[in-house]
Amino acid sequence: MARLGDICIQITDGSHNPPMGVEQSNYLMLSSKNIDDDYITLNDPRYLSQEDFEAENRRTNIKPNDLLITIVGTIGRVAIVPNSLTEFCVQRSVAVLKPKPEIVYNRFLMHYLQSMRPYLEQESRGVAQKGIYLKQLSNLSIILPPLDEQRKIAAVLDKVSDLIAKRRQQLDKLDEIVKSRFIEMFGVYPANPMGWEIGTIRDIVTEVRYGSSRPAVDGGKYPYLRMNNITYGGELDLSDTKRIDIPDNELDKCTVRRGDVLFNRTNSKELVGKTCVYDRDEMMVLAGFVIRIRVKDCILPEFLSAFLNTDFSKQMLLGMCKTAIGQANINAQELQNIGLYLPPVELQRRFIQFKKETDKSKLAIQKSLEKLEILKKSLMQKYFG
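Described in the following lines is the structure provided in the data block.

Quick notes on the rules
- Along each chain, residue indices are assigned from 1 in the same order as the chain's sequence is written.
- Under the rules for a predicted model, residues below a pLDDT of 70 receive no local features and side-chain atom pairs below 80 are neither given nor counted, while totals for whole chains, interfaces and linings still include all residues.
- Only hydrogens and water are set aside; all other atoms, that is, all heavy atoms of the structure, feed into the side-chain values.
- Here the rule is simple: two strands pair whenever DSSP picks up at least two bridges between them.
- Numbering goes from the N terminus for both helices and strands, where a helix is a DSSP run of H or I of at least four residues and a strand is a run of E of at least two.
- Between N-to-C directions, angles span 0 to 180 degrees; the directions come from axes that are lines fitted to C-alpha atoms, helices contributing only their stretch in contact.
- In this analysis, two residues are considered to be in contact whenever any of their non-hydrogen atoms come within 4.5 Å of each other.
- When a residue's accessible area, from a 1.4 Å probe over protein chains only, is under 20% of the maximum for its type it is buried; when over 50% it is exposed; and in between it is partly exposed.
- One less than the residue count of a helix, multiplied by 1.5 Å, gives the span that helix is expected to have.
- Here is the rule for angles: anything less than 35 degrees is roughly parallel, anything more than 145 is roughly antiparallel, 65 through 115 is roughly perpendicular, and the remaining ranges are oblique.
- Under the scheme applied, nonpolar residues are Ala, Val, Leu, Ile, Met, Phe, Trp, Tyr, Cys and Pro; charged residues are Asp, Glu, Lys and Arg; polar residues are all the others, including Gly.
- Pairing of aromatic side chains here covers Phe, Tyr and the six-membered ring of Trp, requires ring centres within 6.5 Å, and sorts the geometry by plane angle: under 30 degrees stacked, over 60 edge-to-face, intermediate tilted.
- The rule for a salt bridge is simple: a side-chain nitrogen of Lys or Arg has to be within 4 Å of a carboxyl oxygen of Asp or Glu.

Some words on the sheet that holds strand 10 (residues 94-99)
The pairing of strands in a sheet comes from backbone hydrogen bonds and takes either a parallel or an antiparallel form.
And step 1. The four strands lie next to each other as 2-10-7-8, forming an open sheet whose pairing is antiparallel. On the outer flanks of this sheet lie strand 2 (8-13) and strand 8 (78-80), each paired with one strand and no other. If you compare each strand with its neighbour and ignore which way they point, the axes differ by 20° on average.
And step 2. Strand contacts of helix 1 (residues 50-60): strand 2 and strand 10, with the helix running at about 130° to strand 2, the strand carrying the most contacts.

Pasting the structure below:
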């Protein structure tokens, strides 16, 4: 048994006061949203000037084979810095670990820390956004078998992780195909080469309403749909729902029905504007950080959701949201001012049918992915307890 701090040369976190950034450069600053288990993405980084990068990089001096672990917000995702990755620095939501190679194999440590995610989440502290302190991280107890045994364990888990990564890549590829199909059929707004009618969301809705501001309660009468149940990719994820009690006379105002478009109005700046369509028959109460949109016959709910989830819409939403104390917001009036094109309903249907066929393929891959994730968890339980 060893303390994590004793088997690492250094444990530090990223910038607590990140610079503003520039429009484009070769110098990147990443955050927790760029870190997933065993891989690092460069999606939507903050670009820094060379001067700012060099100042920030002195804090962490990230090198290949270092470990990155998310410690604020979504806690416990761990990846290793590959040789191929360009130089970058990180924000304080990410900690940088430099393992001592003569004591611990970095891939063994990566898997070990991934297995500790439930414990880290339980030990996290904070009100607005929970996190793990560096001292807590340094004091983690790690069971260390001999290096040869560490490599054998890591090799087994790597094989399963590689299969998981392939399934995720397949899902990402299908999502990209759907996005490309949308652009192919409808173009990038505000360009309108087909000359369709142009309007605003206000023109195509029958109702726009906030959800309930009441808190969740244990054993509540109704299931409670919150912003965390809307994925960044525009899917409904009900794997983690709460319960709520609410008077009967308030139900009509804040329950959802099949075909409602759900828009996440308040979140971090990167996540505000997540949108999905409620496609279930179960009655659920909607939380206050989500807006319920009901549309006219001239537009299909799935088309509006797809429009708001395009890359060009996400950039537009990022530019229009107002930020205060770490939270960004787009209110109902601002949402309704968003412009859009109105292609023929039949064309909208053709796109939605294409997406449904793609979703069938995604479902099969998702089931395979879930089985592999269960296998990995059972192996980590076997090796790490």
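Read on for the rest.
Re unusual backbone geometry
For residues besides glycine, phi is generally negative; the peptide bonds are generally trans as well.
And step 1. Here the amide bond leading from Tyr189 into Pro190 is cis, since omega sits at 15°, within 30 degrees of zero.
And step 2. Looking at the secondary structure, you find Pro190 in the loop between helix 5 (147-186) and strand 12 (197-200).
And step 3. Within the chain, Asn61 stands out as a residue other than glycine whose phi angle is a positive 45°.
And step 4. Mapped onto the secondary structure, Asn61 falls in the loop between helix 1 and strand 7 (67-70).
And step 5. Asn61 sits in the partly exposed class, given a relative accessible area of 35%.
And step 6. Despite not being glycine, Asn65 has its phi angle at roughly 80°, a positive value.

Quick notes on helix 5
And step 1. Look at helix 5: 56 Å from first C-alpha to last across 40 residues, which is about the 58 Å you get at 1.5 Å a residue.
And step 2. One or two residues past the end of helix 5 sits Gly187, with phi positive at roughly 80°.

A closer look at the sheet that holds strand 20 (residues 284-286)
And step 1. Taken in spatial order, the four strands make up an open sheet running 15-14-20-16, and their pairing is mixed. Edge positions in the sheet fall to strand 15 (242-244) and strand 16 (255-256), since each of these pairs with one other strand and no more.
And step 2. Where strand 14 (residues 222-225) and strand 15 come together, three bridges link them in antiparallel fashion. Residue pairing for strand 15: Tyr224 is matched across the bridge by Lys242.

A closer look at the packing of helix 5 against helix 10 (residues 345-384)
And step 1. For the pair helix 5 and helix 10, interaxial distance at closest approach is 10 Å and the crossing angle is 170°. In terms of their interaxial angle, helix 5 and helix 10 are classed as roughly antiparallel.
And step 2. Residue composition of the contact of helix 5 with helix 10, grouped by class: 24 nonpolar, seven polar and nine charged.

Things to note about the packing of aromatic side chains
And step 1. For the structure shown, the criterion picks out 16 aromatic pairs.
And step 2. When the centroid spacing of 5.6 Å and the interplanar angle of 25° are considered together, the rings of Phe182 and Phe303 count as stacked. Of this pair, Phe182 sits in helix 5 while Phe303 sits in helix 7 (residues 301-308), and the two are 121 residues apart along the sequence.
And step 3. Here Phe182 falls in the buried class, since its relative accessible area comes to 2%.
And step 4. Given the relative accessible area of 0%, Phe303 is considered buried.
And step 5. A centroid spacing of 5.9 Å and a plane angle of 75° characterise the contact between Phe186 and Phe351, whose relative ring orientation is edge-to-face. Placement of Phe186 in helix 5 and of Phe351 in helix 10 is noted, with a sequence separation of 165 residues between them.

Some words on the pairing of strand 17 (residues 261-264)
And step 1. Covered by surrounding structure in strand 17 are Val261 and Phe263 together with Leu262 and Asn264, the residues of both alternating faces.
And step 2. Relative to strand 21 (residues 290-295), strand 17 is paired through four bridges, and the arrangement is antiparallel. Looking across to strand 21, one finds that Phe263 is bridged to Ile291.

Description of the pairing of strand 24 (residues 339-342)
And step 1. With burial as the criterion, each face of strand 24 is covered, one bearing Gly339 and Tyr341 and the other bearing Leu340 and Leu342.
And step 2. The pairing of strand 12 with strand 24 spans four bridges and is antiparallel. Bridged to Gly199 within strand 24 is Leu340.

Quick notes on the pattern of salt bridges
And step 1. Throughout the structure, instances matching the rule amount to 27 salt bridges.
And step 2. Among the salt bridges present, the one from Asp260 reaches Arg294, with a minimum N-O distance of 2.8 Å. In this pair, Asp260 is assigned in the loop between strand 16 and strand 17 and Arg294 in strand 21, connecting sequence segments 34 residues apart. Here Asp260 matches Arg294 in class, with each residue buried.
And step 3. When salt bridges with common partners are traced through the structure, they connect Asp175, Glu235, Lys355, Asp359 and Lys362 into a single cluster.

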